[in-house]
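If you want the building blocks of each chain, they are given just below.
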Amino acid sequence: MAVIQHEEQVREQPTLTLGEAAEQLARSLPGHRVEILQGRLTATPPADGTHALALSWLGEEFGARARTVGLRLVQGVGLWLPSGPEDYAIPDLSVVEADIKGAHVMKNCYAAHAFRMVVEVTSTNWADDLGPKVEDYAQAGIPVYVVVDRKHDQVLLCSDPRGGEYKNKVPHKRGTSFTAPDVVGVEMKLSVDRLDGDED
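Computed from a prediction, not measured in an experiment: that's the story for all the values here.

About the cut-offs
Residues numbered from 1 in each chain as written. Predicted model: local features only at pLDDT ≥ 70, side-chain atom pairs only at ≥ 80, totals over all residues. Heavy atoms only, no water. Helix = DSSP H or I, 4+ residues; strand = E, 2+ residues; numbered from the N terminus. Contact = heavy atoms within 4.5 Å. Polar contact = N/O pair within 3.5 Å; in protein donor to acceptor, adjacent residues only side chain to side chain. Buried < 20%, exposed > 50% of the residue type's maximum accessible area, 1.4 Å probe, protein only. Phe/Tyr/Trp six-rings, centres within 6.5 Å; stacked < 30°, edge-to-face > 60°. Pairing = 2+ DSSP bridges. Expected span 1.5 Å × (residues − 1). Bend = angle between axes of the 7 residues up to and from the residue. Axes fitted to C-alpha atoms, helices over the stretch in contact; angles between N-to-C directions. Salt bridge = Lys/Arg side-chain N within 4 Å of Asp/Glu carboxyl O.

A word on the environment of Tyr-166
Its location among the elements puts Tyr-166 in strand 12 (residues 165-173). Here the alpha-carbon distance between Tyr-166 and Gln-139, two residues 27 residues apart in the chain, equals 8.6 Å. Apart from the residues lying within four places of it in its own chain, the contact partners of Tyr-166 are Val-134, Tyr-137, Ala-138, Ile-142, Pro-143, Val-144, Tyr-145, Cys-158, Ser-159, Asp-160 and Pro-161. Of the polar contacts made by the side chain of Tyr-166, one reaches the backbone oxygen of Tyr-137; its length is 3.5 Å. Separated by 2.8 Å, the side chain of Tyr-166 and the backbone oxygen of Ile-142 make a polar contact.

Quick look at helix 4 (residues 132-140)
The buried count for helix 4 comes to seven of nine residues, which makes it a mostly enclosed element. Inspection of helix 4 places Pro-132, Lys-133, Val-134, Asp-136, Tyr-137, Ala-138 and Ala-140 among the buried residues, and these make up the whole buried set. Once helix 4 ends, the next one or two residues include Gly-141, with phi positive near 80°.

A word on the packing of aromatic side chains
One pass over the full model with this rule turns up one aromatic pair. An angle of 85° between the planes, with centres 4.8 Å apart, marks the rings of Tyr-137 and Tyr-145 as edge-to-face. Looking at Tyr-137, the relative accessible area reads 0%, which means it is buried. Exposure remark for Tyr-145: the relative accessible area of 0% places this residue in the buried category.

Observations regarding the side chain of Asp-87
Topologically, Asp-87 is positioned in the loop between strand 4 (78-80) and strand 5 (88-89). One polar contact links the side chain of Asp-87 to the main-chain amide nitrogen of Gln-38, over a distance of 2.9 Å. In terms of polar contacts, Asp-87 uses its side chain to reach the side chain of Ser-83, at 2.6 Å. Contacts of Asp-87, omitting those with residues within four sequence positions, involve Ile-36, Leu-37, Gln-38, Gly-39, Trp-80 and Leu-81.

Thoughts on the pairing of strand 12
Direction of pairing for strand 11 (residues 154-162) relative to strand 12: antiparallel, over a ladder of eight bridges. Opposite Cys-158, over in strand 12, you have Lys-169 as the bridge partner. Hairpin connection, strand 11 to strand 12: the antiparallel pair is bridged by two residues, and Gly-163 has positive phi, about 60°.

Digging into the side chain of Arg-33
With respect to the secondary-structure elements, Arg-33 resides in strand 1 (residues 33-37). Arg-33 sits in the buried class, given a relative accessible area of 13%. Side-chain polar atoms of Arg-33 contact the backbone oxygen of Ile-90, separated by 2.4 Å. Apart from residues lying up to four places away in sequence, Arg-33 is in contact with Thr-42, Ala-43, Thr-44, Ile-90, Pro-91, Asp-92, Glu-120, Asn-125 and Lys-133.

A closer look at helix 2 (residues 49-68)
Taking 1.5 Å per residue, 20 residues should reach 28 Å; helix 2 reaches 29 Å between its end C-alpha atoms and fits that length. Along helix 2, the helix axis deviates most sharply at Phe-62, where the bend reaches about 35°. At its buried positions, helix 2 is contacted by strand 3 (71-75), strand 6 (93-97), strand 9 (115-121), strand 14 (189-191) and helix 5 (192-195). Residue Asp-48 occupies the N-cap position of helix 2, its side-chain oxygen lying 3.3 Å from the main-chain nitrogen of Thr-50.

Some details on the sheet that holds strand 6
As summarised here, the arrangement of the six strands in space is 3-6-9-10-11-12, forming an open sheet in which the pairing is mixed. Edge positions in the open sheet fall to strand 3 and strand 12, since each of these has one partner strand only. Sheet twist, expressed as the mean angle between neighbouring strand axes with direction ignored, is 15°. In the packing of helix 2 onto the sheet, contacts are made with strand 3, strand 6 and strand 9, and the angle to strand 3 comes to roughly 165°.

Focus on the pattern of salt bridges
Within this structure, the stated rule accounts for 13 salt bridges. Between Arg-150 and Asp-48 there is a salt bridge, with its nearest N and O atoms 3.0 Å apart. Note that Arg-150 is positioned in the loop between strand 10 (144-149) and strand 11 and Asp-48 in the loop between strand 2 (40-44) and helix 2, a separation of 102 residues in sequence. Residue Arg-150 is classed as partly exposed on the basis of its relative accessible area of 22%. The exposure class of Asp-48 is partly exposed, given its relative accessible area of 40%. The shortest N-O distance in the salt bridge between Arg-174 and Asp-193 comes to 2.9 Å. One end of the pair, Arg-174, is in the loop between strand 12 and strand 13 (177-179); the other, Asp-193, is in helix 5, and 19 residues separate them in sequence. Taken together, the shared-partner salt bridges connect Arg-33, Glu-35, Asp-92, Glu-120, Asp-129 and Lys-133 into one network.

Spatial relationships are all this shows, so hold off on functional conclusions.
As structure tokens, then:
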């Protein structure tokens, strides 16, 4: 009687890099915004109507003014971050240099020096917008970071990034307005209520 021995071959699954895992997650969650913040993979669901209205208003009001001074307003463009080898964020809205194409780093991400201002409108991931992103954008040297903080009913204006942190962090409550800092290069008064999606 012959004895047949079966050798089981154990196949090792290839280990994914964080960047590869992000690409895989983006493919499996269409419409979600996938980012790597401080070495942590995050996925944000599509925006709600209020979020979209705020960005539309900014696009209409800010976009035309940006073009007159050689800047552009863009949505969903990746920003390469210095906090980790594969870290990147995808701000809701950014004011960038007109020649941003020359600042391409890799994938859909661009170098921080091409960004004058980034805007995030909070959603389910509000803790990221008010925590890691404040740190990451300051470390990247983004001159101005505006957080439309719907969780706390205010807008947080962060400016003057030095030593890896924003030296100025000023909250603005509903019913108030503030002016975009000069470093952005676009003169504009911003209404907290309009940034929160209110039409008038």
